[in-house]
Amino acid sequence: MRRRVVITGCGVVTAAGTELAPFWANLMAGTCFIGPLRHFSVPGMDPLTGTEVDLAEPDSLEQDARGGRCAQLTLAAVRRALADARLGADHLGRAGVVIGTTLGEERQVGEVSDRWPASGADSIGPDFFSKSDSHRLATLVAKRHGLGGPTLVSATACSSGNAALAWAFEMVSCGGADVAVAGGADALTRSIYTGFLRMGALSRSICHPFDRRLDGVSFGEGAGVLVLEELEHARRRGAAVQAELAGYGVSNDAHHITAPDPNGVGTVAAIRQALETSGTGLGEVDYVSAHGTGTPYNDVAETRAMKAVFGERAGAVPISSIKSMIGHTNGAASAIEAVACTLALRHQGVPPTANLTEPHPECDLDYVPLRGRAMRVGTCLNLSAGFGGFNVCSVIKRAP
Amino acid sequence: MSPASSESTLPPIAITGMAVLTPLGDTPDLLAAALAAGRAALEPAADVPGVAAAAIRDFEATRYANVRGLRLYNRPTRLAICAAKMALSDSGIEAAGLPAEQLGVLLASTFGHLETLLEYDRSLVTAGMQRTNPALMPLAIPSAPGAATALSFGAKAFSITLSDAGVGSLDALGLGSRLVGGGRARACLVVATFSACKDLVLAASRAGLLSPTAALRAFDRRGDGTAFGEAAAAVVLERVELARERGAEPKAYLKGQASAFAGEPAGLESALGHACGRALRAAGLASAEIGLVSAGANGSAVQDGAEARALGALLGASTAGAPVMATKGNLGETMDASGLLQTLVAVAAMRSGKAPPIVGLEDPVFAGLRYLTREANVDARNALVTSISYEGACSALVVSREP
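About the thresholds
- Residues numbered from 1 in each chain as written.
- Chains lettered and ligands numbered in written order.
- Predicted model: local features only at pLDDT ≥ 70, side-chain atom pairs only at ≥ 80, totals over all residues.
- Helix = DSSP H or I, 4+ residues; strand = E, 2+ residues; numbered from the N terminus.
- Rg over C-alpha atoms; globule rule 2.2 N^0.38 Å.
- Buried ≥ 20, exposed ≤ 12 C-beta atoms within 10 Å, placed from the backbone.
- Domains from an automatic or database assignment.
- Contact = placed C-beta atoms within 7 Å.
- Nonpolar A, V, L, I, M, F, W, Y, C, P; charged D, E, K, R; others polar.
- Expected span 1.5 Å × (residues − 1).
- pLDDT = per-residue confidence, 0-100.
- Pairing = 2+ DSSP bridges.

## Things to note about the overall build of chain A
Looking only at helices and strands, chain A has 12 helices and 14 strands in total. Radius of gyration (C-alpha) of chain A: 20 Å, near the 21 Å computed for a compact globule of 400 residues. For chain A, the spread of C-alpha atoms along the principal axes amounts to about 60 × 50 × 40 Å. Going through the 400 residues of chain A one by one, you find that 67% of them count as buried.

Laid out in structure tokens, this is it:
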């Protein structure tokens, strides 16, 4: 018998806010935080645009001698989620942690490369081994907070955050843990900027999901973390249950190492599996958090997928992309979006797609342009897709 | 009302296909024969002085798999694809006409992208962005080996990479069992790969992880570090009833898996004990029903001592208890691949009734275990597989000869 999994805590660190209240207010206002980067650059490239997170103490100190920016963002979001869940140490001894990441501590690999021309093999220091071990993102969390359960790091490119939620759902629903801390984190890295630029997938200005002007991705850094808990465990300790993670769906395009299936076939499969396994009817879905990267490949395919799943009702289901405001935070994105879905349930409203004034000719759904919308929200779908074609859809519902 | 138990419960999961690529053999039978003979592949590392390594010589991927794009992928990815291909063939599931939508891939790989990332990043530094190869970037992220493996076989159910380092493949077997057991796929290829590039060997050596005497003495007081080995392994997991339905003959059955974490070295023994206990409870077995242990001991004094003491506490600290084998003295520390190799070696021992010796063990770090120091006859229905990572993660798996 499957156990029900609920969300009892959320934490985000994003350009739109590092606390839930300003994060939600900024999203609903449709404020775009994408702009010139102040702290990150790539030699040989023009000044970059994207989003950065300003962390003050104590988060800025969440970086031990072996930790990098990605660990810092992860730990900052975890601290907030655990505080939001009001979970004491007595509930953490067997808790698990699952962190999704696209790039891990890749920025530290860059530091080694910088020394390579002058130092050759001497550029490899004794800490390079642990810095290269992305499993450390989960074990640092476990160590910092005394979590004694499973520690998993899931790498499914830009669907990593949602995938982490899915594996944590398995962990809790199957009885492997009563509590699991799950989410995603990524820092800005030069390989992602240069790679996307060379592939022609980096926006020349700011990203415009579903808009006629869509020309590519704007990157950002950040982390999103949720505390998942078995329903009865949450009730016994008197936790405030914020929402239910009712299920998830997964699929793989097996189409191309970078390009998604142009018709969104994999996305359709993931959505249908998510609906089926969570016992959710099509008519129950009130809001869809889109992957919505601002690339023609993704946004058109995602629109086609929505139509394939919802048929004539597709245009009546609000779907939006908060990447239009906080940028594409890679492995963190769908975890941050899961937090946004939880807040949508809490506040009974849905965030908008910013920068959307002229819909793309092949994007003709209700993308909630420019400003958030107050509305009844009972069930959200959270879509994500990643390089390599891995799709994850999670279902987040009103608290039982 | 929700179940009160906190133990993971699963439907029975069958292993219907197995494959290995190691310096000591490229089939489970060849590997078992080499281990039984006490052969060790460790030798002085080719490009890093003062440490040992176990590399697969003359590896030619096209001997094992003929898939599109193979030449574009780095060595750990090619190893993974080749192992996956052999496991699929061994299972007979391709011939049975499994729809692509019903095949999932779960890859255990933490470092499989690293050499490509370094190549990309160094070309960026030395030659500038316009001279980088844009085709490299998608292969330079941690999920790339898994994505390439899934793409190679058209797997559409899922394509997941777990980067859990030394406990990666045991965690992957646990998650794969849940996904297959929960109906997310009819079959799941669990693949694990490890091939340390020179930079990683240098880093591990400079971090003091590798034996300065170029030896790997598992469970031995003289253990002064480990040595890397190169390997890939793969299994096909299916629900037992579905495997039977298509007439497949399971090689073994996965009964339970659990993981725990210790924030400090002093907690490793307790954490591994918790993981073992929970894996046994999930399997519905008592510790007395374990007939064989396939341990992860890798020559690192702290980890090996903790593992030995945890097993002693679990099995009764008696030299009359379940025999304990450890194969890293033969194959080296294969990180993400190690747990899957240990599992397949345990399956081979249960099926053949013969378990291989621990090479180089003379002075055990903990006396209360029945270490195998020569090939021995075993009559085990259930084996326990254990692993501890450098970061403090502990994982345990129960694999059985019968459903």
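Read on for the rest.
## Describing the domain arrangement of chain B
All names here are of chain B. For chain B, the assigned domains are domain 1 (13–245) and domain 2 (253–400). Computed from C-alpha coordinates alone, the two centres of domain 1 and domain 2 are separated by 21 Å. Taken together, the contacts link 60 residues of domain 1 with 56 residues of domain 2. Residue assignment for the side of domain 1 that touches domain 2 shows that the elements contributing at least two residues are β1 (13–21), α1 (28–36), β3 (52–54), α5 (168–181), β6 (187–194), β7 (228–229) and β8 (231–239). Of the residues in the side of domain 1 that touches domain 2, the class split is 38 nonpolar, 15 polar and 7 charged.

## Thoughts on the environment of A252 of chain B
Residues and elements named next belong to chain B. Tracing the chain through its elements places A252 in strand β9 (residues 252–261). Sequence separation between A252 and V347 is 95 residues, and the spatial gap between their C-alpha atoms is 6.6 Å. Not counting residues within four places of it along the chain, the set of residues in contact with A252 comprises I15, V347, V399, S400 and R401.

## Observations regarding helix α2 (residues 69–85) of chain A
Residues and elements named next belong to chain A. Taking 1.5 Å per residue, 17 residues should reach 24 Å; α2 reaches 24 Å between its end C-alpha atoms and fits that length. A large share of α2 lies buried, amounting to 15 of its 17 residues. Of the residues flanking the end of α2, it is R86, one or two places downstream, whose phi is positive at about 50°.

## Things to note about the confidence of the model for chain B
Residue and element names in this part refer to chain B. Residues with a pLDDT of 70 or more make up 98% of chain B, whose mean pLDDT is 94. The low-confidence segment residues 1–6 (pLDDT under 50) makes 11 contacts with residues lying over four places distant or belonging to another chain. Two summary scores accompany this predicted model of the complex, namely pTM at 0.97 and ipTM at 0.96.

## Concerning the environment of L228 of chain A
Residue and element names in this part refer to chain A. As for its placement among the helices and strands, L228 is situated in strand β7 (residues 222–230). Judged by the 30 C-beta atoms lying within 10 Å of it, L228 is buried. Considering only alpha carbons, one finds L228 and C158, 70 residues apart in sequence, at a separation of 21 Å. For L228, the residues in contact, after removing those within four places along its chain, are V5, I7, A168, F169, V172, A180, A182 and L245.

## Side note on unusual backbone geometry
Its identity as a non-glycine residue notwithstanding, N330 of chain A has a phi of 55°, on the positive side. Judged by the 32 C-beta atoms lying within 10 Å of it, N330 of chain A falls in the buried class. A positive phi is found at D58 of chain B, a non-glycine position, where the angle reads about 55°.

## What about the sheet that holds strand β2 (residues 43–44) of chain B?
Residues and elements named next belong to chain B. The strand order across the open sheet formed by 3 strands is β2-β3-β7, and the pairing between neighbours is mixed. Edge positions in the sheet fall to β2 and β7, since each has one partner strand and no second. Where β2 meets β3, 2 bridges bridge the pair, whose relative direction is antiparallel. Residue pairing for β3: P44 is matched across the bridge by A52.

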